[in-house]
Amino acid sequence: MSPIAVIDFETTGISPDQGARATEVAIVLLEGGRVVDRFQSLMNAGTWVPPFITQLTGITNAMVQAAPAAASVMAEAARFVGSAPMVAHNAAFDRKFWQAELALAGLPAAQPFACTVLLSRRLYPQAPNHQLGVLVDYHGLPRTGQAHRALADAEMAAALLARMQHDLRTRWGVAAPDHDLLVQLQRCTKAAVPTLLAQLAAAAQP
DNA sequence: TGCCAGGCCCTCTTTAGGGCCTT
């Protein structure tokens, strides 16, 4: 199975359209349910980190000012991802920053995204909620590093994705839960999920 | 000065409103 790039950004706010910039990025390459490579860097976008963000993430203005320029970090991140399809927890958020920061660096952002929030809502509707930390605990997955830092959150999202692929194979009989299938699953309506999973399982029968 | 996202999903819905999820 070809690799999937699981990404997480830490940022100064909620939307690049409102002037928010990335402060840290981490990407975990997942292949066959295993982490095969990691990329992580703070980045200096020349912006001020609000106190609320420092309290949430532990990322300070001094840390960002000492970091390499955002454009060079994004160029490295784009090289690291290559043409791998991408996954994030609440992908609408990370995709916006991926596209905005690459655009500011003069680079294309053509990778398709799948979303572990949408997938979790379809596969695990009984979960208490679909926040990353809650889902990690719900599945008994290890919490790695400090929550709300990019690498720790990317590792947890990757573990959650690997769990979903494992469950799709073992619980629902889906032979090859690749990125295309994940996108297909997250796009179908909640009511159509059982039918789609049954069709995918039937297609996997010899 | 005051305000500030947006896509998805549910329901006391569909001529709408509110909560979730990310920083």
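These numbers come from a predicted model, not from an experiment. Here the residue numbers are simple positions, counted from 1 along each chain's written sequence. Chains carry letters from A onward and ligands carry numbers from 1 onward, assigned in written order. This being a predicted model, a pLDDT of at least 70 is required before a residue's local features are given, and a value of 80 or more before pairs of side-chain atoms are given or counted; all residues contribute to the totals for chains, interfaces and linings. To get the side-chain values, all heavy atoms of the structure are used, and hydrogens and water are removed first.

*Asks:* What exactly am I supposed to notice about the state of the cysteines here?
*Replies:* Simply put, the disulfide is a covalent bond whose two ends are the sulfur atoms of two cysteines. Disulfides are defined as cysteine sulfur pairs within 2.5 Å. In the structure shown here, the tally under the stated rule is zero disulfides. This cysteine, Cys115, is not joined by any disulfide, and Cys188 carries the nearest cysteine sulfur, 14 Å off. The class of Cys188 is buried, set by a relative accessible area of 14%. Note on classification: 1.4 Å probe, protein chains only; a residue is buried when its accessible area is under 20% of the maximum for its type, exposed when over 50%, partly exposed between these limits.

*Asks:* Got a minute to help me understand the pattern of salt bridges in this structure?
*Replies:* Between side chains of opposite charge, pairing is possible as soon as their charged atoms come close. Here, a salt bridge means any Lys or Arg side-chain nitrogen found within 4 Å of an Asp or Glu carboxyl oxygen. Enumeration according to the criterion identifies six salt bridges in this entry. Residue Arg163 pairs with Asp167 through a salt bridge whose shortest N-O separation is 3.1 Å. Of the two residues, Arg163 and Asp167 both sit in helix α7 (residues 150-170), four residues apart, roughly one turn of that helix. Classification of Arg163 as partly exposed rests on a relative accessible area of 28%. The network of salt bridges with common partners includes Arg163, Asp167 and Arg171. Every helix listed is a DSSP run of H or I at least four residues long, and every strand listed is a run of E at least two residues long, numbered separately from the N terminus.

*Asks:* Please explain the protein's contact with DNA strand B as it appears in this structure.
*Replies:* Close to DNA strand B lie 26 residues, the nearest being Glu10, Arg122, His130, Leu132 and Lys190. Distances are taken per atom, and a residue is near a molecule or strand as soon as one of its heavy atoms is within 4 Å of it. Within 4 Å of the protein, the contacting atoms of DNA strand B are drawn from sugar and phosphate to the extent of 70%. Gln18 is positioned with one of its side-chain polar atoms (N or O) 2.9 Å from a base oxygen of DNA strand B. Polar contacts here mean pairs of N or O atoms no more than 3.5 Å apart (in protein, one a potential hydrogen donor and the other a potential acceptor; neighbouring residues in sequence count only if both atoms are side-chain atoms). Contact between DNA strand B and Lys190: a phosphate oxygen at 3.0 Å from a side-chain N or O atom of the residue. For the surface near DNA strand B, the elements supplying multiple residues, two or more each, are β1 (4-11), α1 (51-57) and α5 (116-123).

*Asks:* I would appreciate a short explanation of the packing of aromatic side chains in the present structure.
*Replies:* Given two aromatic rings, their pairing is described by the distance between the two centres and the angle made by the two planes. For Phe, Tyr and Trp, rings pair up if their centres lie within 6.5 Å, where Trp contributes its six-membered ring, and each pair is then called stacked (planes under 30 degrees apart), edge-to-face (over 60) or tilted (otherwise). Within the structure shown, the criterion is met by four aromatic pairs. Ring centres of Phe93 and Phe97 lie 4.9 Å apart, and the angle between their planes is 50 degrees; this geometry places the pair in the tilted category. One end of the pair is Phe93 and the other is Phe97, both in helix α4 (residues 91-104) and four residues apart, which spans about a single turn. Each member of the pair Phe93 and Phe97 is classed as buried. Joined through ring pairs, the aromatic side chains of Phe9, Phe93 and Phe97 make up one cluster.

*Asks:* What should I look at first to understand the UniProt feature "domain: Exonuclease" (unreviewed entry) in chain A in this one?
*Replies:* UniProt positions are given in the numbering used here, feature names are shortened, and annotations may be inferred rather than shown by experiment. UniProt records the feature "domain: Exonuclease" (unreviewed entry) for residues 3-170 in the present numbering. Secondary structure over residues 3-170 splits into 44% helix and 20% strand, and the C-alpha atoms at its two ends are 20 Å apart.

*Asks:* Sorry if this is basic, but what is going on with α4 here?
*Replies:* A turn of α-helix holds 3.6 residues, and therefore any two residues three or four places apart point the same way. In this model, α4 (14 residues) spans 20 Å end to end at C-alpha, consistent with the 20 Å of a helix rising 1.5 Å per residue. Within the span of α4, buried status applies to Ala91, Phe93, Asp94, Phe97, Trp98, Glu101 and Leu102. Within α4, the buried residues cover an arc of 160 degrees as seen down the axis, which keeps them to one side. Turned more than 90 degrees off the buried face of α4, the exposed positions are Ala103 and Leu104. Whether two residues are in contact is decided by their heavy atoms, any of which lying within 4.5 Å being enough. Packing partners of the buried residues in α4 comprise β1, β2 (22-31), α3 (70-81), β4 (86-88) and β5 (113-115). Positive phi appears at Gly106, one or two residues downstream of α4, with a value of about 75 degrees. For a helix, the expected span equals 1.5 Å multiplied by the residue count minus one. Picture the helix axis, draw a direction to every C-beta atom, and the arc is the one those directions span.

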